[in-house]
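Listed below, chain by chain, are the residues.
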Amino acid sequence: MEINVYPFRELCFQGPHELYFKDLSKRKKQVMEKNGNNRKLRVCVATCNRADYSKLAPIMFGIKTEPEFFELDVVVLGSHLIDDYGNTYRMIEQDDFDINTRLHTIVRGEDEAAMVESVGLALVKLPDVLNRLKPDIMIVHGDRFDALALATSAALMNIRILHIEGGEVSGTIDDSIRHAITKLAHYHVCCTRSAEQHLISMCEDHDRILLAGCPSYDKLLSAKNKDYMSIIRMWLGDDVKAKDYIVALQHPVTTDIKHSIKMFELTLDALISFNKRTLVLFPNIDAGSKEMVRVMRKKGIEHHPNFRAVKHVPFDQFIQLVAHAGCMIGNSSCGVREVGAFGTPVINLGTRQIGRETGENVLHVRDADTQDKILQALHLQFGKQYPCSKIYGDGNAVPRILKFLKSIDLQEPLQKKFCFPPVKENISQDIDHILETLSALAVDLGGTNLRVAIISMKGEIVKKYTQFNPKTYEERINLILQMCVEAAAEAVKLNCRILGVGISTGGRVNPREGIVLHSTKLIQEWNSVDLRTPLSDTLHLPVWVDNDGNCAAMAERKFGQGKGLENFVTLITGTGIGGGIIHQHELVHGSSFCAAELGHLVVSLDGPDCSCGSHGCIEAYASGMALQREAKKLHDEDLLLVEGMSVPKDEAVGALHLIQAAKLGNAKAQSILRTAGTALGLGVVNILHTMNPSLVILSGVLASHYIHTVKDVIRQQALSSVQDVDVVVSDLVDPALLGAASMVLDYTTRRIY
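Okay, so let's go over this structure. Residue numbers restart at each chain and count upward from 1, following the sequence in its written direction. Selection of residues for local features in this predicted model requires a pLDDT of at least 70, selection of side-chain atom pairs for listing and counting requires 80 or more, and totals for whole chains, interfaces and linings are taken over all residues. As a convention, hydrogens and water are excluded, and side-chain values are obtained from all of the structure's heavy atoms.

1. Description of the sheet that holds strand β22 (residues 568-573)
Then step 1. Across the sheet, five strands lie side by side as β24-β23-β22-β25-β26; this open sheet has mixed pairing. Of all the strands in the sheet, the pair left with one neighbour each is β24 (586-587) and β26 (726-729).
Then step 2. When DSSP finds two or more bridges between two strands, those strands count as paired. Segments assigned H or I by DSSP are reported as helices when at least four residues long, segments assigned E as strands when at least two residues long, and all are numbered from the N terminus. Where β22 meets strand β25 (residues 695-699), four bridges bridge the pair, whose relative direction is parallel. Of the residues in β25, the one forming a bridge with valine 569 is valine 696.
Then step 3. Contacts are assigned to residue pairs with any non-hydrogen atoms lying within 4.5 Å of each other. Each axis is a line fitted through C-alpha atoms, and for a helix only the stretch in contact is used; angles between axes span 0 to 180 degrees, taken between their N-to-C directions. The strands that helix α19 (residues 548-559) touches are β22, β23 (577-583), β24 and β25; relative to β22, the one it contacts most, it runs at about 125 degrees.
Then step 4. Across the sheet, helix α23 (residues 667-691) touches β22, β23, β25 and β26, and the angle it forms with β22 is around 160 degrees.

This is how it looks when you write it as structure tokens:
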């Protein structure tokens with residue numbers, strides 16, 4: 001079978017990178033002169049297990065072929081030296097490498113404590129080895145706990161570290177370990193463009209990062225002419241054909257051991273049902289591996305006619321097995337990385353590799369309650385042939401790495417430097433700084449007005465600015481930026497330290513991204529608007545954005561009558577009707593960010609039309625727009641004005657005129673307000689029956705006019721079990737602005753938002 005392998009992403013090693021390697025050659029000559037032409041670079045390669053050796057071996061072979069430049073010391077530790085995991089140090093000896101040191105560092109137990117103890121044991125033993133070998137540089141691979149011990153020891157003993165495969169993202173504790181090693185390492189070899197960008201984002205020096213590709217691909221892409229059928233027969237039996245068997249390799253997930261063992265059990269059940277010859281490799285030594293082996297034995301996998309269970313397969317043979325398999329299943333990084341080079345179908349199970357870049361050959365099964373989902377994935381994937389992946393390498397990683405090693409200047413200071421992004425001038429801890437008022441910049445985008453305020457930690461409005469809200473997006477965003485810049489400058493004069501910007505706006509908002517998804521009809525040209533980016537870029541401050549109803553609820557939680565309550569609901573009665581829900585002290589956004597659209601609770605099947613397109617909503621009865629509509633009808637029929645009232649010709653009739661008429665005894669106006677209050681009351685009853693909050697807060701300009709009617713409706717319509725829930729009028733003057741500020745202030749006081 002001929003295996004076609006696409007070249008690595010052409011862009012990865014062209015353009016700036018060609019210049020980079022030319023510069024590397026110049027630097028290499030300069031470095032050789034500095035270090036002395038006879039001075040060889042002493043390189044220590046430490047390998048902990050079969051997986052990292054597959055990546056390190058090609059580099060070791062490369063170093064060995066250039067004895068005029070390098071001296072190689074090999075340190076073997078970890079699961080390499082354990083019989084239960086195949087005594088894989090032997091394959092290092094078979095590759096004709098001299099092992100300088102063997103360190104028994106694994107504390108048996110295969111649980112979390114054993115992993116920690118193993119790291120500690122390695123830290124105790126490594127200093128003697130490193131003192132004896134005195135390497136110029138140590139090469140460490142990946143994200144294993146053993147590798148963390150290696151990197152820690154080398155860093156503390158002032159030995160330069162070259163880290164292979166930094167910057168990648170998987171999805172378990174491995175991420176934390178990998179990034180910790182990155183911070184300890186002086187030089188980085190990464191495999192993909194994304195990994196390179198991650199390293200730069202982590203403030204690593206770009207000059208010390210090499211985008212080389214994965215070293216194992218150097219061996220993978222030269223393996224296609226091997227006699228693969230003899231290898232298949234040796235491991236799976238004489239009757240097995242290419243593309244008619246499965247390779248399974250699944251490891252425990254240390255952050256959720258119980259679930260990963262359950263997932264492994266379901267995988268074995270699915271493989272038994274699928275009824276294809278399967279090569280099952282034992283899991284690695286992580287916490288939970290012992291339980292996984294027990295599951296294998298409980299199901300009789302080692303004696304099942306369709307299964308071959310093995311502790312270890314030499315890498316060059318393993319390559320042939322996965323290259324010609326009908327499918328690979330499990331959660332090994334090999335499945336999402338190396339196997340893509342052959343286009344073999346892969347089923348990636350669970351979360352262990354969830355963040356990895358993958359080719360189209362990988363089908364993810366992130367969770368499964370029964371074997372059915374895994375079995376379905378096997379039916380979908382088995383026997384397919386995908387295009388060969390071009391993500392992780394082009395087969396030329398080792399020459400690049402050797403060139404990079406030769407460019408290392410041992411005369412350079414050992415202390416690594418971090419390339420932090422520029423920040424504003426640091427304010428030292430002096431008396432002026434201490435006496436500053438910690439504040440937030442709050443923005444409220446209403447249907448009519450645009451307001452910006454400086455608000456202190458105590459909820460005091462230090463200064464407020466108001467302008468008419470423009471009708472177009474361009475004018476509006478420019479005005480917001482202008483007002484915020486002016487307010488931020490004024491804050492300095494007022495001795496207020498602005499911690500961030502909070503924005504309250506009508507419509508549906510994605511607070512995670514700071515984007516207005518859909519606006520109300522009151523604010524035009526305000527859909528799919530990114531508010532966070534322009535403000536953050538202009539002010540160099542963090543920015544939070546949320547719906548005005550949610551902001552009102554957050555204002556009550558921090559400054560108002562909801563303070564200290566676990567569950568309460570806020571209803572805003574203004575131009576429209578909105579709201580916010582606090583449940584277990586946290587704001588409820590909902591799965592698509594439209595929770596608490598309380599104004600669109602339907603209280604009558606044949607009620608008036610609502611702006612949302614439905615009819616009979618609370619907003620169609622009780623909002624300021626609804627009252628204005630009814631006021632105009634009465635005024636057109638000369639039924640609005642009573643003695644003591646007048647409406648100037650140039651003034652539009654609105655809700656306030658209806659309220660004034662009701663106060664002066666207009667029976668029709670009183671009836672309209674009573675109907676509006678009843679509709680709102682029915683909505684509150686629905687909220688009480690659904691959410692069962694401990695408090696309902698009515699906020700906004702109309703709240704005080706509705707409160708008594710709402711309470712009457714609750715007494716008449718609500719279940720007795722919720723009739724004691726208190727309904728109050730908010731005592732906050734500007735809940736939208738205070739809520740916008742609370743997003744900033746809550747974060748700075750370490751509340752989770």
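2. Looking at the pairing of strand β4 (residues 137-141)
Then step 1. Think of it in three bands: residues with accessible area under 20% of the maximum for their type are buried, residues over 50% are exposed, and the middle band is partly exposed, with areas taken using a 1.4 Å probe on protein chains only. Along β4, five of the five residues are buried, which leaves the element largely enclosed by surrounding structure.
Then step 2. Of the two faces of β4, both are covered, the one formed by Ile137, Ile139 and His141 as well as the one formed by Met138 and Val140.
Then step 3. Sheet topology places strand β1 (residues 41-47) next to β4; three bridges connect them, and they run parallel. Across the sheet, valine 43 pairs through a bridge with isoleucine 137, a residue of β4.
Then step 4. In this sheet, strand β5 (residues 160-164) lies alongside β4 in parallel orientation, the contact comprising five bridges. By the bridge assignment, isoleucine 137 is partnered in β5 with arginine 160.
Then step 5. Assessed by its sense of winding, the connection that carries the chain from β4 through helix α5 (residues 145-156) to β5 is right-handed. The crossover handedness rule: strands pointing away from the viewer, path from first strand over the helix to second strand clockwise, crossover right-handed.

3. Focus: α19
Then step 1. The span you would expect from a helix comes to 1.5 Å times its residue count less one. A rise of 1.5 Å per residue sets the reference length of α19, with its 12 residues, at 16 Å; its end C-alpha atoms lie 16 Å apart and thus fit the reference within 8%.
Then step 2. For α19, the buried fraction is high: 11 of the 12 residues fall into the buried class.

4. Here we look at the packing of aromatic side chains
Then step 1. Stacked, edge-to-face and tilted labels apply to pairs of Phe, Tyr and Trp rings (six-membered ring for Trp) whose centres lie within 6.5 Å, assigned for plane angles under 30 degrees, over 60, and everything in between, in that order. The tally for this structure, following the rule as stated, stands at six aromatic pairs.
Then step 2. Each ring, one from tyrosine 473 and one from tryptophan 526, has its centre 6.1 Å from the other, and the planes form 45 degrees; the classification is tilted. With tyrosine 473 in helix α17 (residues 473-493) and tryptophan 526 in the loop between β19 (515-518) and β20 (529-530), the pair connects residues that are 53 residues apart, well separated along the chain.
Then step 3. Look at NZ for Lys and CZ for Arg. If either is within 6 Å of the ring centre and within 35 degrees of the ring normal, a charge sits over the ring. The side chain of lysine 64 reaches across the aromatic face of phenylalanine 97, ending 4.9 Å from its centre.
Then step 4. Taking NZ or CZ as reference, lysine 406 lies 4.3 Å from the ring centre of phenylalanine 69, over its face.

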